[in-house]
Amino acid sequence: MRIFNKYQPLLIAKHVKTFFKGRLYIRGRGAYLYAKGMLVMPEQADARHRATVQEINRVIGRLNTPQTAA
């Protein structure tokens, strides 16, 4: 289990993408599960938990898309 003392979406997304499956805890936001390189939405989630999962998964999606050179 990884503990993040601050909510930093990019750092969390890189961790989830790298380790693929596990658990993490964000101080002030709670515990989260991730599998297949994405955060998992629990059945009983409040609005803040749901928003955090969606935001982190969006960042992971951006990390997964290939960057084109301009």
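Data block above holds the structure.
Let me begin by describing the structure that accompanies this report. Given the structure is predicted, the values throughout are model-derived calculations rather than measurements.

## What about the overall build of the chain?
Next up, step 1: Secondary structure assignment for the chain yields two helices and four strands.
Next up, step 2: Start at the N end of the chain and walk to the C end: the helices and strands fall as β-α-β-β-β-α.
Next up, step 3: In terms of C-alpha radius of gyration, the chain reaches 12 Å, essentially the compact-globule figure of 11 Å for 70 residues.
Next up, step 4: Projected onto its principal axes, the C-alpha positions of the chain cover 40 × 20 × 20 Å.
Next up, step 5: Sorting the 70 residues of the chain into buried and exposed places 30% on the buried side.
Next up, step 6: Just so you have it, the chain exposes about 5000 Å², and 55% of that area is on carbon and sulfur atoms.

## Brief notes about the pairing of strand β2 (residues 22–26)
Next up, step 1: Pairing analysis gives three bridges linking strand β1 (residues 2–4) to β2, with the strands arranged parallel. Within the sheet, the bridge partner assigned to F4 lies in β2 and is I26.
Next up, step 2: At this point the chain moves from β1, through helix α1 (residues 9–19), to the parallel β2, and the crossover so formed is right-handed.
Next up, step 3: Bridge count for β2 against strand β3 (residues 30–35) is five bridges, and the pairing is antiparallel.

## Some thoughts on helix α2 (residues 47–64)
Next up, step 1: A rise of 1.5 Å per residue sets the reference length of α2, with its 18 residues, at 26 Å; its end C-alpha atoms lie 26 Å apart and thus fit the reference within 8%.
Next up, step 2: Every buried residue belonging to α2 is among H49, T52, V53, I56, N57, V59 and I60, and all of these are buried. Viewed end-on, α2 has its buried residues packed into an arc of 155°, placing them on one side of the element. α2 presents A47, R58 and R62 as exposed residues on the side facing more than 90 degrees away from its buried surface.
Next up, step 3: On its buried face, α2 is in contact with α1, β2, β3 and β4 (38–39).

About the cut-offs
Within every chain, residues take consecutive numbers counted from 1 along the sequence as written. The predicted origin of the model limits local features to residues at a pLDDT of at least 70 and limits the giving and counting of side-chain atom pairs to 80 or more, whereas totals for whole chains, interfaces and linings rest on all residues. To get the side-chain values, all heavy atoms of the structure are used, and hydrogens and water are removed first. Elements are defined by DSSP. Helices are runs of H or I of four residues or more, strands are runs of E of two residues or more, and each kind is numbered from the N terminus. In this description the radius of gyration comes from C-alpha coordinates, and the expected globular size is given by 2.2 Å times residues to the power 0.38. Here the term buried applies to any residue with accessible area under 20% of the maximum for its type, exposed to any over 50%, and partly exposed to those in between, with areas from a 1.4 Å probe on protein chains only. Computed with the Shrake-Rupley method and a 1.4 Å probe, the accessible areas treat only the protein chains shown as cover for residues. At least two bridges found by DSSP between two strands is the condition for calling them paired. With its strands directed away from the observer, a crossover is right-handed exactly when the path from the first strand over the helix to the second travels clockwise. One less than the number of residues in a helix, times 1.5 Å, gives the span that helix is expected to have. To obtain the arc, one takes the directions from the helix axis to the C-beta atoms. Should any heavy atoms of two residues lie within 4.5 Å, those residues are considered in contact.

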